[in-house]
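In case you want the letters, here they are:
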Amino acid sequence: MEDKPISKQEILKELDNLQSMDLKYSDGRILGSMCTEAHPFAKEIYFKFLDSNLGDPGLFKGTKKTEDMVIEDIGRLLSADKVFGNMVTGGTEANIMAIRAARNYARKYKGIKNGEIIIPESAHFSFKKAADMMDLKIIEAELNEDYKINVESIKYNISDNTIAIVAIAGTTELGLIDPIEEISQISLENNIFFHVDAAFGGFSIPFLKNCGYDFPEFDFSLPGVCSITVDPHKMGLAPIPAGCILFRKKEYLDVMAIDSPYLTIKSQSTIVGTRLGAASAATYGIMKYLGKEGYTKLAKELMYNTYFFKSGLEKIGYIVIAEPELNIVAFNHPKIETHELADILKSYGWRVSVASCPLSIRVVLMNHIKKKHLNELLTDLKEIF
Ligand code: 0PR
């Protein structure tokens, strides 16, 4: 820190310079991000609520209402009349909360001390963070040839120490949906906590389903599903940091409640204390503003772009790894190694991400990637060969 104050003008000049080093979503070159530019109306609301703190909700009762209403509304989207949960910083924190609830529940009711969680090989790395923090053992269930979790492998790995099973609705690398209905059944039969990570898919599957897309059940309509992660800051067009964790029963929040005697609430179940009310208010506002109609239109448009890109790739000799279920396309070319292809694309100015399972270039077709960007990308991909 400097000794003397610096003028706003000078600071803003420096910050503008620094910001000019950032990539902009609107350039359409960021191909591997599940986040996108927040809706302008959501940004407007965000600034209004910047000072409100959900960590002490008695002081910010109105903002707390926005959190409760977002949770309730998303719960209804996911087939539950009543759910219990919080707005959090994103999928990582939501997944950590789910695993913490499962761990505490199993400790309380089953006396499990050395817990194990079964996750698919395709799970987001946040589960490894959760396991590391809570000293849990991770067991990775194998994937089938279609890159979805192998249900037999889950069954095989269940033990007396299993505290949770995890499945994904919209995998990070390929956007695929695990066979959640079958896993719900297995969880019920074995009395094991079942968490669904729908950080990416939660804000599009319900809308696509409503307009005729054929998806299997993945939400609270399945009796074995105990908790769901959904991120408004991915497909919900809400500003970062906006994630949600939803629980079927209040008890899952209660088993991880810590006393907070001097606050306006007596206990906290969230990991974070001071929590940004702005993301909650902005999420509430943008959900009202867009409504089911707006989100359906968005999800449909992104699926059209997905199919357009997939067929464009195939026409010029690329191999698409899996039939897209959501708006992610992963591909390779038979004549070139994936990292080499990624480097070439980078030299053309594209910011691609390389998926690991299987090794491929992965494009997440978010709202900032328009048809014109896809046409430019396809032209460049064609030119490489
Ligand atoms: N669950 C799933 C299925 C995810 O895909 C992700 C993140 C998470 C949980 C964790 O969410 P948070 O990052 O909100 O904690 N998926 C993206 C990924 O790792 C996140 C991302 C977003 C990465 C934008 C890069 C980027 O530019 O690929």
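Report follows, based on the coordinates. (Residues numbered from 1 in each chain as written. Predicted model: local features only at pLDDT ≥ 70, side-chain atom pairs only at ≥ 80, totals over all residues. Heavy atoms only, no water.)

1. Structural notes on the site of the ligand
The immediate surroundings of the ligand are formed by 16 residues, with Thr92, Thr172, Asp197, His233 and Lys234 found nearest. Within the side chain of His124, one N or O atom sits 3.2 Å away from an oxygen atom of the ligand. Within the contact set of the ligand, an oxygen atom lies 3.4 Å away from a side-chain nitrogen or oxygen of Arg362. Protein burial of the ligand: of its 590 Å² of free accessible surface, 76% is covered by the chains. (Near = heavy atom within 4 Å. Polar contact = N/O pair within 3.5 Å; in protein donor to acceptor, adjacent residues only side chain to side chain. Areas by Shrake-Rupley, 256 points an atom, 1.4 Å probe, with all protein chains shown as cover.)

2. Details of the sheet that holds strand β1 (residues 84-88)
The seven strands are arranged β1-β7-β6-β5-β4-β2-β3 in an open sheet whose pairing can be described as mixed. In the strand order of this sheet, the two ends are held by β1 and β3 (137-141), each with one partner. On average, each strand axis in the sheet is inclined to that of its neighbour by 20°, with strand direction left out of account. Running at roughly 150° to β3, helix α5 (residues 126-134) makes contact with β2 (116-120), β3, β4 (162-168) and β5 (193-197) of the sheet. (Pairing = 2+ DSSP bridges. Helix = DSSP H or I, 4+ residues; strand = E, 2+ residues; numbered from the N terminus. Axes fitted to C-alpha atoms, helices over the stretch in contact; angles between N-to-C directions. Contact = heavy atoms within 4.5 Å.)

3. Structural notes on the pattern of salt bridges
All told, the structure shown has 16 salt bridges when counted by the stated rule. The closest approach of N and O atoms between Lys64 and Asp68, which form a salt bridge, is 3.1 Å. Here the residue Lys64 and the residue Asp68 both occupy positions in helix α3 (residues 61-77), the gap between them amounting to four residues, near one helical turn. Here Asp68 falls in the partly exposed class, since its relative accessible area comes to 37%. Between Arg76 and Asp73 there is a salt bridge, with the nearest N and O atoms lying 3.4 Å from each other. Of this pair, Arg76 and Asp73 both sit in helix α3, three residues apart, which is roughly one turn of that helix. (Salt bridge = Lys/Arg side-chain N within 4 Å of Asp/Glu carboxyl O. Buried < 20%, exposed > 50% of the residue type's maximum accessible area, 1.4 Å probe, protein only.)

4. What to know about unusual backbone geometry
Cis rather than trans, the peptide bond between Ile240 and Pro241 has omega equal to 0°. Along the polypeptide, Pro241 turns up in the loop between β6 (227-230) and β7 (243-247). Along the chain, Cys357 connects to Pro358 via a cis peptide bond; the corresponding omega equals -5°. Residue Asp135 is not a glycine yet carries a positive backbone phi of 55°.

5. Details of the packing of aromatic side chains
Following the criterion strictly, the structure yields 13 aromatic pairs and no others. Judged by centre distance (5.9 Å) and plane angle (80°), the ring pair of Phe309 and Phe331 falls under edge-to-face. Remark: Phe331 occurs in strand β11 (residues 328-332) and Phe309 occurs in helix α10 (residues 277-315); sequence separation between them is 22 residues. Across the pair, Phe331 and Phe309 agree in class, each one buried. In this structure an aromatic cluster arises from ring pairing among Tyr105, Tyr109, Phe193, Phe247 and Tyr252. The positively charged end of Arg29 is found above the aromatic ring belonging to Trp350, 3.7 Å away from the centroid. The cationic tip of Lys371 hangs over the ring face of Phe308; the distance from NZ or CZ to the ring centre is 4.8 Å. (Phe/Tyr/Trp six-rings, centres within 6.5 Å; stacked < 30°, edge-to-face > 60°. Lys NZ or Arg CZ within 6 Å of the ring centre and 35° of its normal.)

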